[in-house]
Amino acid sequence: MRSIGEMARESGLGVSALRFYDRAGVLVPDQVDPVTGYRWYAPEQLGEARVLARLRRAGMPLADVRLVLAGWTAADTELVRRLLEAHLRRLEKGLSAARAEFSALRDLLDDRENPFMTSPLSAARLSVSGPGLAAALDAVRFAAGTDPELPVLAGVHLDAEGDALHLVATDRYRMAVARTAASGQGGGRVQATVPLPLADAMRALLDGEDEVRLTVDDGRVTLEAGDRQTGGRCLGQGFPDYRRLVRLPAGRRAEVKVAAFTEAVRTGPVRLHEDGGATCELTVLEVSEDGRVAPVPEGADGPDLVAVNRAFLLDALAAAADDRLVLEFGAPTAPLVIRGAGDEHTFSLLMPVRLSD
């Protein structure tokens, strides 16, 4: 017999994935200790788990996975072959369609400048509050991307216009925006995207100076704090036009106490969600008629439930500088907006996850 940890190591499926497939009835442990709840798998289940891991990596839908494993266990090789070939045809058809669409999009990009991307326009030398810049970096850093295929998102975007400096970070699934006061920018809008190592070096420099100087010039960003400074090259690619992405219709608003709500999310019910071979934990939120927000258990249902990645939600709550936050709920498919109760200009967006029917 193998414990769930041993099964995970030997099969290539994570512990959370094994729990998901147990709940889904796809790979049910041979025994479950009635006292501890520990799962134990029979020796012959290791082969099934390894097959399941391969199907998962291939992105096979859960309904077909059930049939493949049933055919595998019953030695119905003809059924298994038909299911594998059908899934491969779907993948090839989808890839062919995607290539055609991408080809058309590239032709459109050749004909006009992409309006969803922005680039640095000019140079600027700004005076910025040290604590204000530190707070803004702290508010957005968690949302920065780490995907090597999208290096432009692996940074913090600086957007200076008038007397305001906006900082933005996004990994596509979440976005964080913060604003701090700035002076010295009188020549129009200036933008630059700072790579994460430089953003972290800038934050380390902000340890007490009341006012710092931020310079953007010739593709470089330099931060001076007293007699110390750090600087480096900006990311060369265009950053998404975040102003278009944060124009959202008004939704229901509910105020939460950060400490209590964080504890409710951390210890509350979760739902396992599988997408493209990856499993994550979701927190499903509901706003009651009296305006209270709380995670709801797996059996809950309703048109107004909003599901978000639990880890992303905890990150956003941890980055909050206020002890109270305002949550804005639109449609179940609209981003969840999390704002500081005392600062409407510092907020984060979390993309919702569609709950399975």
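In short, a report on the structure. What you see is a predicted model; the values in this text were computed from it and never measured. (Residues numbered from 1 in each chain as written. Predicted model: local features only at pLDDT ≥ 70, side-chain atom pairs only at ≥ 80, totals over all residues. Heavy atoms only, no water.)

### Side note on the pattern of salt bridges
Two side chains with opposite charge may pair up if their charged atoms get near one another. Which entries qualify depends on this criterion: Whenever Lys or Arg places a side-chain nitrogen within 4 Å of a carboxyl oxygen from Asp or Glu, that contact is recorded as a salt bridge. By the criteria applied, helices consist of DSSP H or I runs no shorter than four residues and strands consist of E runs no shorter than two, each listed in order from the N terminus. Each residue's exposure class comes from its accessible area (1.4 Å probe, protein chains only) as a fraction of the maximum for that residue type: buried when under 20%, exposed when over 50%, partly exposed otherwise.
Overall, the coordinates contain 21 salt bridges when judged by the stated rule. Across the pair Arg243 and Asp159 runs a salt bridge whose closest N-O atoms are separated by 3.6 Å. Residue Arg243 is found in helix α8 (residues 242-245), and its partner Asp159 is found in strand β6 (residues 155-161); the two are separated by 84 residues along the sequence. On the accessibility criterion, Arg243 (29% relative accessible area) is partly exposed. The class for Asp159 is buried, based on a relative accessible area of 1%. A salt bridge links Arg243 to Glu161; the shortest N-O distance between them is 2.7 Å. Of this pair, Arg243 sits in helix α8 while Glu161 sits in strand β6; the two residues are 82 residues apart in sequence, bridging distant segments of the chain. Among the charged side chains, a salt-bridge network with shared partners connects Asp159, Glu161, Arg189 and Arg243.

### Looking at a nonpolar patch on the surface
Condition: Patch membership requires over 30% relative accessible area and the absence of a salt bridge. Like charges are linked within 9 Å, and nonpolar side chains (Val, Leu, Ile, Met, Phe, Trp, Tyr) within 5 Å. Surface exposure here means Shrake-Rupley accessible area, sampled with a 1.4 Å probe, where a residue is shielded only by the protein chains that are shown.
A grouping of Met1, Tyr38 and Trp40 is seen on the molecular surface, where their side chains present a nonpolar patch of about 340 Å² in accessible area. By the secondary structure assignment, Tyr38 is in the loop between β2 (31-32) and β3 (39-41).

### As for the environment of Ala199
Worth spelling out the cut-off: The contact criterion used is simple: two residues touch if any of their non-hydrogen atoms lie within 4.5 Å.
Topologically, Ala199 is positioned in helix α7 (residues 196-205). The class for Ala199 is buried, based on a relative accessible area of 3%. Separated by 166 residues in sequence, Ala199 and Asp33 have C-alpha atoms that sit 49 Å apart. With residues near it in sequence (within four places) discarded, Ala199 still touches Leu137, Val156 and Val194.

### Thoughts on the packing of helix α3 (residues 45-57) against helix α4 (residues 62-73)
Axis angle and axis distance: for two packed helices, these are the angle between their axes and the distance between the axes, and together they describe the pair. Put simply, the rule is: Note on definitions: angles span 0 to 180 degrees between N-to-C directions of axes, and those axes are lines fitted to C-alpha atoms, for helices only across the stretch in contact. Handedness of a crossing follows from how the near helix is turned relative to the far one, being left-handed for an anticlockwise turn of less than a right angle and right-handed for a clockwise one.
For the pair α3 and α4, interaxial distance at closest approach is 11 Å and the crossing angle is 145°. As for the relative orientation of α3 and α4, their crossing is right-handed in sense. Every residue of α4 that contacts α3 at Glu48, Val51, Leu52 and Leu55 is listed here: Val65, Val68, Leu69, Trp72 and Thr73.

### A few points about unusual backbone geometry
With a phi close to 90°, Arg172 is a non-glycine residue in the positive phi region. By the secondary structure assignment, Arg172 is in the loop between β7 (164-170) and β8 (174-183). Judged by its relative accessible area of 46%, Arg172 falls in the partly exposed class. Positive phi outside glycine occurs at Asp218, with the angle close to 55°. With respect to the secondary-structure elements, Asp218 resides in the loop between β10 (211-217) and β11 (220-225). Under the relative-accessibility criterion, Asp218 is labelled exposed at 64%.

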